[in-house]
Amino acid sequence: MKSTGIVRKVDELGRVVLPKELRVNLDIDVKDPLEIFVDGEKIILKKYIPADIFNGSMEDLIDYKGKKVARETIKELALAAGFKIED
C-alpha cells in the first residue's frame, strides 16, 4: 500500500473529504458510487463499477432485483435449468 502523506479529519457527520488530486487521479467524479471494504483495521474505498454477480463480467448487464446479471449468464442459467434458448 502506498502512502499519500495526506491526513484528513472526520467531521461530526462522519464525512471525510477526498482531495481533488486523488479524485482526478482515480477518475472519481461528483456523485460516483464508492464501495467500502474493511481489511482488518483498514478501510478501503474503491470506485464502484457494476458487474455480473456470478462471473464479474461488465458487459451487457441487466438489473434483476437490484443485482447485475449479464445476458450471457442468464442464458447459461436457463440452459442449466433445462430451458431451450433461441437466439
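To start, this report covers the structure provided alongside it. Here the structure is a predicted model, which means the values were calculated and not measured. Each chain carries its own residue numbering, running from 1 in the direction its sequence is written. Whole-chain, interface and lining totals are the exception, using all residues; otherwise, since this is a predicted model, local features are given only for residues with pLDDT of at least 70 and side-chain atom pairs are given and counted only at 80 or more. Here the side-chain values reflect all heavy atoms present in the structure, with hydrogen atoms and water set aside.

1. A short note on the overall build of the protein chain
Right, so step 1: A run of H or I in DSSP becomes a helix once it reaches four residues, and a run of E becomes a strand once it reaches two; helices and strands are each numbered from the N terminus. Each helix and strand in the protein chain was counted, giving 2 helices and 4 strands.
Right, so step 2: Tracing the protein chain from N to C terminus, the helices and strands come up as α-β-β-β-β-α.
Right, so step 3: Taking the principal axes of the C-alpha coordinates as reference, the protein chain spans close to 55 × 25 × 25 Å.
Right, so step 4: Contacts are assigned to residue pairs that have any heavy atoms within 4.5 Å of one another. A fraction of 3% describes how many contacts in the protein chain between residues 6 or more apart in sequence connect residues 24 or more apart.
Right, so step 5: To be clear on the numbers: accessible area is Shrake-Rupley with a 1.4 Å probe, and residue cover counts the displayed protein chains and nothing else. By element, 55% of the accessible surface of the protein chain is carried by carbon and sulfur atoms, the whole surface being about 8100 Å².
Right, so step 6: Neither His nor the chain ends contribute to the count of charged residues, in which Lys and Arg are positive and Asp and Glu negative. Where a charge sits is defined by one atom per residue type, namely NZ (Lys), CZ (Arg), CG (Asp) or CD (Glu). Put simply, the protein chain has 16 plus and 17 minus side-chain charges, and the middle of one group is 5 Å from the middle of the other.

2. Section: the pairing of strand S4 (residues 67–70)
Right, so step 1: When DSSP finds at least two bridges between two strands, those strands are taken to pair. When strand S3 (residues 61–64) meets S4, the two strands line up antiparallel, connected through 4 bridges. In the strand pairing of S4, Ile62 is matched with Val69.
Right, so step 2: Taking the residues that link successive antiparallel strands as the turn, the S3-S4 hairpin has 2 residues, and the phi of Lys65 there is positive, at about 50 degrees.

3. Quick look at the pattern of salt bridges
Right, so step 1: Salt bridges are defined by distance alone: a side-chain nitrogen of Lys or Arg within 4 Å of a carboxyl oxygen of Asp or Glu. Applying the stated criterion across every chain yields a total of 5 salt bridges.
Right, so step 2: Measuring nitrogen to oxygen at the nearest pair gives 2.8 Å for the salt bridge that ties Asp11 to Arg15.
Right, so step 3: Only protein chains enter the accessibility calculation, which uses a 1.4 Å probe; a residue whose area is less than 20% of its type maximum is buried, one above 50% is exposed, and one in between is partly exposed. For Arg15, a relative accessible area of 49% puts it in the partly exposed group.
Right, so step 4: Among the ionic contacts, a cluster of salt bridges with common partners joins Asp27, Asp32 and Lys47.

4. What to know about unusual backbone geometry
Right, so step 1: Non-glycine residue Asp60 carries a positive phi angle of around 55 degrees.
Right, so step 2: As for its position among the elements, Asp60 is in the loop between strand S2 (42–47) and S3.

5. Looking at the environment of Pro33
Right, so step 1: With respect to the helices, strands and loops of the structure, Pro33 is situated in the loop between helix H1 (20–25) and strand S1 (34–39).
Right, so step 2: Between the alpha carbons of Pro33 and Ala51 there is a distance of 14 Å; along the sequence they are 18 residues apart.
Right, so step 3: Dropping the residues within four chain positions of it, Pro33 is found in contact with Lys46, Lys47 and Tyr48.

6. Remarks on the layout of surface pockets
Right, so step 1: Of the pockets and cavities examined, the largest pocket occupies roughly 770 Å³.
Right, so step 2: In terms of lining, the largest pocket is formed by 24 residues, of which the most central are Thr4, Leu18, Leu22, Ile43 and Leu45.
Right, so step 3: At the level of elements, H1 and S2 are the ones that each hand at least two residues to the lining of the largest pocket.
Right, so step 4: The element best represented in the lining of the largest pocket is S2, accounting for 6 residues.
Right, so step 5: Residues belonging to the lining of the largest pocket are distributed by class as follows: 15 nonpolar, 3 polar and 6 charged. As defined here, a cavity is a set of points on a 1 Å grid over the protein atoms alone where a 1.4 Å probe fits but cannot get out. A pocket is an open set with protein on both sides within 12 Å along at least five of seven lines, and residues line them when an atom is within 4 Å of a point. Grid points are joined across faces, edges and corners, and a volume is the space filled by probe spheres set on the points. Think of it as three bins: nonpolar holds Ala, Val, Leu, Ile, Met, Phe, Trp, Tyr, Cys and Pro, charged holds Asp, Glu, Lys and Arg, and polar takes everything else, Gly as well.

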